[in-house]
Amino acid sequence: MVTHHPPDGLPAASVRWLPVDAADDALREAIAELDPDRRLGSAEHPVFLTVWLPCPKGGCLSFVGMSPAGRRWLAGLAGDDFAARRRADLEAALAAARPGTTLPDDPVEQVIALARALTGDQSGPSRFALARQPLWCGPDGGSGLAHSCDPATGRPGLTGSYLAGAPAARLLTEGGTDLAELVGTRPWGAPLRAAVEAAEAELDWPVRVEFVVEGDSLTVVRTTRAVLHGASLLRVVADRRESGRLTPAQAVRLVEPLDVERAGAAGVRALGLPVAARGRGVSPGLACGHVVFSAAEAVAAQAEGERPVLVLTESRPQDLPGLLAATAVVTERGGQTSHAAVVARGLGLPAVAALADGVLDADARVLRTARGDTVRAGDLITVDGHTGLVHLGGRQGLATERRTPAVLPGWLDDALSALSAPPSLAVRVNADTGADAAAGRALGASGVGLCRLEHMFLGEHHQVLQRVLTARPGPDLTEGLATVHAFLRAEITEVLVAMDGLPVTVRLLDPPRHEFLPDLTEAALTAAATGAPADRDRLDLTRRLHEHNPMLGVRGVRTGILLPALTAVQIKALAEATHALRRSGHDPRPELLVPMVSTPGELDFVRGVLDDVCARLGTTPAGTGISLGAMIETPRAALLARSLARRADFLSLGTNDLTALVWGLSRDDAEHHLLPAYQDLGLLDTSPFARLDVEAVGLLARRVADDARAVRPGITLGVCGEQAADESAVRFFAEAGYDHVSCAPPRIPLARLAAARAALPPEAADNRPTEAKR
């Protein structure tokens, strides 16, 4: 539906609506009403008009009535470039409608010509608008931006900035004066506050109000619902949820997982980093990088692949390239409405300004702090735009890392529980220890989606598995297998107890074999130094087992087939742990996952070992309650999903290796150089290891689901991998018909939220605050 509200820049009180076929005399009469003092095109304090056609294919022309004298006046106040661009806009509009026509210099004739050009389409709307354009430039004018709540915190109250004598475009590059200092002293302050409050009441959401001032007169140019993120969004949604203005579905729809992460980003103190300086957090966020002291250095550092933190006395418009290149900004001076603050918030950069205990020595290129620290170029610092703290040290990529789970606020957790349509996609946890399983359960996980047995052999237990892999048949191997069995039984028992009554997917050993073999160089040096037969034998075996590309070699089920006794002790440990827990009154629900499957015969092999182990224990797989599944992580397994589904009780999609094999990329190397280079060249938007490749990997995932369900409609389908908790991936897997995703404990709350959002009906999005009101 076409709206007849004035567009950006049109003050509603001074609009004249005219039919598109209005005669010239009617146009002149409307111009005279809008300009009773006949200042259109004058050399001093001229009046300009706006012509607006209210339809999607129409247009809006500003600064109409620009005579040569009016252009010189405008250039003197707003700059020649600005005036020239406005004149060029008018000339282009006229030329597009009437090629070869010259823009009249007479301001009245110019208005008539452009109105005719804009309304010449017979299929357009029946009327158009003329309006007197407010002059935000000049000694008695200005432009501003007001918010009904603090964009960083969500705290209610009028905030924003105002820049006298300049258009809104310069507010971004120059900053402005804090509105809190002006609303009580300027004639337009009270009307602005009233306008902001009325807009928030009408939209029932915090608002962003663009306004201009001419003399003492206020004109609201544009009102939009504020787009909030992180802590500010959580506070606003919580307030509205508590007051009953939002349903649970609307509250869940409004909060993205990223908002929860952002809200918890101020946990840098948990890293134990010392505070170098304190200032004002003017743009929320958390990031670290190496210090540079000029915009040029920031640009050069970014070109070298670094993440610079730009430290300045104060930023200026010419520093914008450096701000664009920086990962965070620190300024000794400034504040909430300074240039650095305004630009940083616009770019989403963490920023700290107005240092209370730090002094920048520009000549020496150091930042000296009150505590005696000296921060030099190249030093690593962490900037916390939430708290206004600058920390010494840090880690690259800190802004995307978390040491503690992003816990959902209580009200949001309650909203998830209150949804009328619970998510169809469950969220499980990746857990290799009882503690991880317990942590995942406390965060709302519905089971363990991936328990990696090889992770139980990290650290001091590394030698236990190495002994088995390098032992020859005989007492040494038998003793090693017994140790592996006893160790795994104890560890698996802890996981099953922590997740009692919920499913636990235990994956057979899936390390590339080289990770648990002796170092080849070290073994050679030892054998040469000692000459001992045992050391030479160890070297020979290591050489024989060495692989040039172990990630595509003997790993997963392949290791278990070449060493079936190792497969048997793993299954025996799981079966005995399950049986013992059942006898003690627990409710273990184990699932045995076979990794790196490429052919149905491999699954048959493991099924045979499972049957044999259970028979030796005097039971059956059904009697122990152990289901058997295949991990779909090779393209061949994905293409053979029908055959695998006939043999398996469940399938689990391993997105990490499947992505690597589909792309033909090394997971360990690609993101170091190749993928960043491809992103810089515009060949990729993001790493396929960071976000699910829906185009190719997703195509296989859909085929797996369709093919498996075609032969076994009730088969359980799960997903694990780095992308499993990403909201876009969660939505994709929910739509594709998968039953659960699995991720690390800290990501559980975010994945639960993503799954709930994916299950919401489209109408739940009606309250999303993105549309502008004009």
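Conventions we followed
Residues numbered from 1 in each chain as written. Predicted model: local features only at pLDDT ≥ 70, side-chain atom pairs only at ≥ 80, totals over all residues. Heavy atoms only, no water. Helix = DSSP H or I, 4+ residues; strand = E, 2+ residues; numbered from the N terminus. Buried < 20%, exposed > 50% of the residue type's maximum accessible area, 1.4 Å probe, protein only. Areas by Shrake-Rupley, 256 points an atom, 1.4 Å probe, with all protein chains shown as cover. Pairing = 2+ DSSP bridges. Axes fitted to C-alpha atoms, helices over the stretch in contact; angles between N-to-C directions. Contact = heavy atoms within 4.5 Å. Arc of directions from axis to C-beta. 1 Å grid on protein atoms, 1.4 Å probe; cavity = no way out; pocket = protein on both sides within 12 Å on 5 of 7 lines; lining within 4 Å. Points joined across faces, edges and corners; volume = space filled by probe spheres on them. Nonpolar A, V, L, I, M, F, W, Y, C, P; charged D, E, K, R; others polar.

### With respect to the overall build of the chain
Here is step 1: Along the chain, the regular secondary structure elements total 29 helices and 29 strands.
Here is step 2: Among the 774 residues that make up the chain, the fraction classed as buried is 51%.
Here is step 3: Per element, the accessible surface of the chain, about 33700 Å² overall, is 51% carbon and sulfur.

### As for the sheet that holds strand 21 (residues 426-430)
Here is step 1: With parallel pairing, 8 strands are arranged side by side around a closed barrel as 21-22-23-24-25-26-27-28. In this sheet, adjacent strand axes meet at a mean angle of 30° when their direction is disregarded.
Here is step 2: The pairing of strand 24 (residues 589-594) with strand 25 (residues 627-632) spans 4 bridges and is parallel. For leucine 592, the partnering residue across the bridge sits in strand 25 and is leucine 628.
Here is step 3: Each of strand 23 (503-507) and strand 24 is contacted by helix 20 (residues 564-583), which is oriented at about 170° to strand 24, the strand it contacts most.

### Thoughts on helix 14 (residues 434-442)
Here is step 1: Among the residues of helix 14, Gly434, Ala437 and Gly440 are the ones counted as buried. For helix 14, the arc enclosing every buried residue in end-on projection is 125°, short of the 170-degree limit, so these residues lie on one face. Away from the buried face of helix 14 by more than 90 degrees, exposed residues Ala435 and Ala442 are located.

### Details of empty space enclosed by the protein
Here is step 1: All chains considered together, the criterion is met by 4 cavities of 30 Å³ or more.
Here is step 2: Considering the residues around the largest cavity, the lining is formed by Leu508, Leu509, Gly556, Val557, Thr559, Gly560, Leu566, Thr567, Gln570 and Val606.
Here is step 3: Among the elements of the structure, helix 19 (557-562) and helix 20 are those that each provide at least two residues to the lining of the largest cavity.
Here is step 4: The residue inventory of the lining of the largest cavity, partitioned by class, reads 5 nonpolar, 5 polar and no charged.

### Remarks on the sheet that holds strand 11 (residues 280-283)
Here is step 1: In space, the 8 strands of this open sheet follow the order 10-20-19-12-13-14-15-11, with mixed pairing throughout. Only two strands of the sheet have a single neighbouring strand rather than two, namely strand 10 (275-278) and strand 11. On average, each strand axis in the sheet is tilted by 30° relative to the strand beside it, whichever way the strands run.
Here is step 2: Looking at chain direction, strand 13 (residues 308-312) and strand 14 (residues 328-331) are connected through 4 bridges and run parallel. Residue pairing across strands places valine 309 opposite alanine 328, the latter belonging to strand 14.
Here is step 3: Sheet strands in contact with helix 10 (residues 295-303) are strand 12 (286-292) and strand 13, and its direction is about 180° off that of strand 13.

Without other data, these values stay purely geometric and don't point to any function.
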